[in-house]
Amino acid sequence: MPSFQNPAAFLLLLLIPLLQILRKLKIFHKISFKAVLSDWNGNHFTWKGRSQKFLSYLSKILLCISYILVVTAFADPVISHQEKIYTSLGTDVIFVVDTSPSMAAKDINGSMRLDAAKSAITTLTQIHDGYRFGIVGLGSNAGVIVPPTSDSVYFSDQMKNLYVGGMGNGSAIGDGLSTAVCHLVSSSAPKKCIILLTDGENNAGEIHPETAAKLSAENDITLYVVGIGSRGTVPIEYTDPITGKLYSGYLDSDYNPASLKKIAGIGGGRYFEVRTIEELLETLSTVAKIENVSQSFTYKNVNKLYYQKVLFIALIIIVIVWFIKRIILKELVCYKIKKILILRSSCLGFAFIMLILAYSGISWGTYLVPVQKNGSSVSMVFDISNSMLAKDGPNGTTRMKAAGVYAKKLLTKMEGVATSVVLAKGEGIAAIPLTEDDAIIESLLDVMNPGLMTVPGTSIGKGIIKAKETFPANHSAASRIWVFTDGEETDGQLVPALTDCLKAGIPVTIIGFGTEKESKILAGDGQTEVLSALRSNEIENAIQTATDNFSFFKNRAELKYINSQDKGSAFELLSQLRFSGSDNLITSYEAKPVPRYKLFLILAILSFVFSYIFTEIDFSKFLKKTKLLAAAGIIISLTSCSSDTINIFRGTTSFNNKQYKHAISCYMEVIENNSEKQNPDTLNYSLYDLGTTYATIGEDEAALERYSLISEDAPIQLRYAAFYNSGVVAHKNEDYEAAMHYFRKALEVDSSKLEAKINLELSMRMGEEKVKQSESNAIPAAEHESSNPDIEKAVFQHIKENDQKQWKNSDTNQSQNLAEDY
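Predicted model only: the values in this text are computed from it and were never measured.

Criteria and thresholds
- Residues numbered from 1 in each chain as written.
- Predicted model: local features only at pLDDT ≥ 70, side-chain atom pairs only at ≥ 80, totals over all residues.
- Heavy atoms only, no water.
- Helix = DSSP H or I, 4+ residues; strand = E, 2+ residues; numbered from the N terminus.
- Buried < 20%, exposed > 50% of the residue type's maximum accessible area, 1.4 Å probe, protein only.
- Contact = heavy atoms within 4.5 Å.
- Areas by Shrake-Rupley, 256 points an atom, 1.4 Å probe, with all protein chains shown as cover.
- Core = buried A, V, L, I, M, F, W, Y, C linked by side-chain atoms within 4.5 Å.
- Axes fitted to C-alpha atoms, helices over the stretch in contact; angles between N-to-C directions.
- Parallel < 35°, antiparallel > 145°, perpendicular 65-115°, else oblique.
- Left-handed = near helix turned anticlockwise from the far one by under 90°.
- Nonpolar A, V, L, I, M, F, W, Y, C, P; charged D, E, K, R; others polar.
- Pairing = 2+ DSSP bridges.

**Q** Honestly, the overall build of the protein in this entry has me stumped. Any pointers?
**A** Secondary structure summary: the protein contains 28 helices and 21 strands in total. Relative to its full complement of 822 residues, the protein shows a buried share of 49%. In the protein, once contacts between residues fewer than 6 apart in sequence are set aside, the share between residues at least 24 apart is 79%. Accessible area of the protein: about 40,000 Å², with a carbon and sulfur share of 55%.

Next up, the structure:
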């Protein structure tokens, strides 16, 4: 439903009746010209013909309509919608998809089994945007296609890497399940599950499916198995990816579901059989409902501006009015000797030009927008150019090896932080999307080398830009980029890339590897020797240049350079991170362009108004009626009334009407506008209103978080209400210790409140009962420990070796014959 961001602008419409009133009072005089011909007896000119009279009235009506449309555009018409942003983790799901040749059978609504599986997976991922999804492909071997990630774009792009026969002709179900378990173990998600989609039995690989299912259960990962396809003779057709040969015929489909049911039972899940796409979609939806968890979230209000469409209609009408007045009625031609008409035409012409400029959407300058984030996410950019092969790292290792070891040590201290990996050479590629799967990252770090990319040169800037793109839209965690490089650059893109990150509010830290002393390395042709060193000065100069471009912003993102060999460098990096939780909110700032259409609209409206003032006003009468002038001043001043007041009023109205989403967006807009505490009372009341709204819809963590942000300088009544409501929320969630704390705080603010005293006593009693109950239900931790640690270690080591083989298979191993590639 359309709304207006500046509804007070509609008060400008009062100028239309005001003009008529002023004309009645003879302060304004409508433009008219006396005829000088004697047979007209000195009467004012009027149109006598019906058509001319109609066109004259029509032009006035259209001109009035165009003014109304311009004022409407100035009122900022928007259509708003809320986008849900999750501030806590949901379920992690890995699909293990069979790609053996039998999955080419066309018995799922006439489509291939694999195509039906991919279609159903895509549909599920689009519906459940709070989940993180991954894919493991299995054939005669198994491998990770996508680690668990919230990057839906990357997930969809990588789906094309699933094709029949792409991973061999067998069905290594055990290897596929083990791979999924290995890449879910490090996840901090509250629930984790594996969904196996297959049409056969295990006939390849080195790990038995039952062993994999036991590992899944021991690591609290639920296993679901979906048997896909019908029994009997079914048509099949596919192209062998190795030979390119087309196979076509019939398949005798008759798999035994007993083994699949058994591994589903061991894995703590269920077995399903599907024969149609509808059954498959229903099955995946059932699993998603079973594994669903409650997530905290907030809403981001997204406004789509419609002022340009309104202005376009206004401009068309103005052109029609001009055509009637100047071409058909020929007013300016008839009265070209009258300067007063020329003056009005000039003012209206200037107004028309301003409207065109407003419609064009011109903007200049930028402003910072505060964005609240929960926790941190990091994109690691690794320079894999040939200069990183210089052996001036610790203990004579290469710079690239040192960067890999350094990053792996960082990962061990980054539990719960989603990380992506970008490789930078002559281009930047996203090798791994945002994920908590440390295993897939470590497998890449172990085999990093220049052969993973064919594009020559070094473009650190392009790597940074690609890293910026790995953070999905509406990502709730604060984004950071860490660049591991020696600073050797061949295209000069570092400064523009750093500037783009400043605009997006993404801090960048560059970690230098190597020494300042130049070392000899071989260029890409394997023969030419060139000198390479850690270019600390160039990196620091690029950072300074990019920072100077944004020096006028107080809260801009930070750009930093750290030498990896400096003592405490790793601690300095880790100190930049905040881990997920309601008490770890981060406010980052994004630079937005400043639209200037309102300026041009104001000039257009002023020019239109002046076209009447300068040509119709009787100044002698005007000065005698100063009260009317004061009234007009009041009307103009009302157009600039506080938008925060309006938003609070709209939010309260929406809350009373149980339109909680809209109320939240209104209160959040007020809070963002007052983030610098220029109006602390408005900020405090808005935080209280927002917290109360969250509490009403059951978002208790978000409610407590907003109450905690209320200043100690807030009015006593407001502080008491915030502490009291926080106690009620904590008591409802059976967190009696927190409830007692909040009720005590409420009584410290106002000790006369009886309801707080009663609730404090009740919370104390309930807390004592809960402690007694928890002591009686205690279970020794040893019961939950894995009974087969050696088996798990061996399986995970096997999976890690397979992951490394995958990365090595993408190594080009070709001589690039480029002397300038270093």
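There is more to say, and it comes next.
**Q** Whenever I open this one, the nonpolar core confuses me. Can you help?
**A** What tends to happen in soluble globular proteins is that the nonpolar side chains get buried as a cluster. The biggest cluster of nonpolar side chains holds 64 residues, and the ones touching the most others in it are Phe382, Leu423, Trp482 and Phe484. By residue number, the principal contributor to this core is helix H12 (residues 399–411), which donates seven residues. When residues no more than four places from it in sequence are discounted, the contact partners of Trp482 are Val378, Ser379, Met380, Val381, Leu410, Met414, Thr509, Ile511, Leu573, Gln576 and Leu577.

**Q** What is the right way to look at the packing of helix H5 (residues 173–182) against helix H6 (residues 209–218) in this model?
**A** In helix packing, the relevant descriptors are the interaxial angle and the interaxial distance, both defined with respect to the helix axes. Axis separation between H5 and H6 bottoms out at 8 Å; the angle between their running directions is 15°. In terms of orientation, H5 and H6 fall into the roughly parallel class. In the crossing of H5 with H6, the sense of the turn from one axis to the other is left-handed. Seen from H5, the contacting residues are Ile173, Gly174, Leu177, Ser178 and Val181; seen from H6, they are Pro209, Ala212, Leu215 and Ser216. Classifying every residue of the contact of H5 with H6 gives six nonpolar, three polar and no charged.

**Q** How do you make sense of the sheet that holds strand S2 (residues 77–86) when you look at a structure like this?
**A** If you walk across this open sheet you meet the three strands as S1-S2-S11, and the pairing is antiparallel. With partners counted over all chains shown, the strands left at the sheet margins are strand S1 (2–4) and strand S11 (297–305), one partner each. Neighbour-to-neighbour, the strand axes of this sheet turn through a mean angle of 50°, independent of strand direction. Set on the sheet, helix H22 (residues 660–673) makes contact with S2 and S11; between it and S11 the angle comes to about 80°.

**Q** Can you walk me through the sheet that holds strand S14 (residues 418–424) in this structure?
**A** Judged by pairing direction, the sheet is mixed, and its six strands sit side by side in the order S15-S14-S13-S16-S17-S20 without closing on themselves. Strands at the two margins of the open sheet, each flanked by one partner only, are strand S15 (428–435) and strand S20 (559–563). The mean inter-strand angle of the sheet, taken between neighbouring strand axes irrespective of direction, is 20°. Pairing between S14 and S15: five bridges, direction antiparallel. Bridging across to S15, Leu423 finds its partner in Ile429. Contacts from helix H16 (residues 536–549) reach strand S17 (508–512) and S20, with the element oriented near 165° to S20.

**Q** Where do I start with the packing of helix H11 (residues 339–359) against helix H18 (residues 597–616) in this structure?
**A** At a minimum axis separation of 8 Å, H11 and H18 run at an interaxial angle of 170°. Comparing their axes, H18 and H11 come out roughly antiparallel. Facing H11, whose interface residues are Ile340, Leu343, Arg344, Cys347, Leu348, Phe350, Ala351, Met354, Leu355, Leu357 and Ala358, H18 presents Tyr597, Phe600, Leu601, Leu603, Ala604, Ser607, Phe608, Ser611, Tyr612, Phe614, Thr615 and Glu616. Looking at the contact of H11 with H18, its residues break down into 18 nonpolar, three polar and two charged.

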